[in-house]
Amino acid sequence: MGEAVNDLRTLRYVAEIARRLAKMLSRTRYQMLVYFLEMTAVEADSLAAEQDRDRHDESKSPRN
């Protein structure tokens, strides 16, 4: 359980840092890197949301 929480925090941290870097670089000529960072942030958010959803589904499922 603790590892799953850490995974979610890590993914969200990666998304936050990638977005900050993209914002800093958006004023430069490195547009491909900015695009890559933005897509990394989107993917990290998506994975975190999926893991969070899966974790909630597991806790709601009836135990046999």
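Parameters and conventions
Residues numbered from 1 in each chain as written. Predicted model: local features only at pLDDT ≥ 70, side-chain atom pairs only at ≥ 80, totals over all residues. Heavy atoms only, no water. Helix = DSSP H or I, 4+ residues; strand = E, 2+ residues; numbered from the N terminus. Expected span 1.5 Å × (residues − 1). Buried < 20%, exposed > 50% of the residue type's maximum accessible area, 1.4 Å probe, protein only. Patch = residues over 30% accessible without salt bridge, like charges linked within 9 Å, V, L, I, M, F, W, Y side chains within 5 Å. Areas by Shrake-Rupley, 256 points an atom, 1.4 Å probe, with all protein chains shown as cover. Salt bridge = Lys/Arg side-chain N within 4 Å of Asp/Glu carboxyl O. Lys, Arg positive; Asp, Glu negative; His and termini not counted. Charge placed at Lys NZ, Arg CZ, Asp CG, Glu CD. Core = buried A, V, L, I, M, F, W, Y, C linked by side-chain atoms within 4.5 Å. Contact = heavy atoms within 4.5 Å.

Trainee: What is the right way to read helix α2 (residues 31-60) from this model?
Mentor: Its 30 residues place the ends of α2 43 Å apart at the C-alpha level, agreeing with the 44 Å of an ideal helix rising 1.5 Å per residue. Buried within α2 are the following residues: Val 34, Leu 37, Ala 41, Ala 44, Ala 48 and Asp 52.

Trainee: Explain a negative patch on the surface here, please?
Mentor: Together, Glu 43, Glu 50, Asp 54, Asp 57 and Glu 58 line one region of the surface with negative charge. Residue placement: Glu 50 occurs in helix α2. Residue class for Glu 50 comes out partly exposed when judged on its relative accessible area of 38%.

Trainee: Explanation requested: the environment of Leu 21 in the structure shown.
Mentor: Summarising the element assignment, Leu 21 is placed in helix α1 (residues 2-25). Assessed through its relative accessible area of 34%, Leu 21 is described here as partly exposed.

Trainee: What is the right way to read the pattern of salt bridges from this model?
Mentor: Two side chains that carry opposite charge are able to pair once their charged atoms sit near each other. As enumerated under the stated definition, the model contains three salt bridges in all. Residue Arg 55 is joined to Asp 52 by a salt bridge in which the shortest nitrogen-to-oxygen separation is 3.4 Å. With Arg 55 and Asp 52 both in helix α2, this residue pair falls three residues apart, about one helical turn.

Trainee: Help me understand the nonpolar core in this model?
Mentor: The tendency in soluble globular proteins is for nonpolar side chains to be buried as a group. Counting eleven residues, the largest nonpolar core is built from Leu 8, Leu 11, Ala 15, Ala 18, Ala 22, Leu 25, Val 34, Leu 37, Ala 41, Ala 44 and Ala 48. Put simply, the parts of the chain that give this core at least two residues each are α1 and α2. Top element by residues in this core is α1. It accounts for six residues. When sequence neighbours within four positions are dropped, the list of residues in contact with Ala 22 reads Val 34, Leu 37 and Glu 38.

Such coordinate-based values are descriptive only and should not be taken to indicate function.
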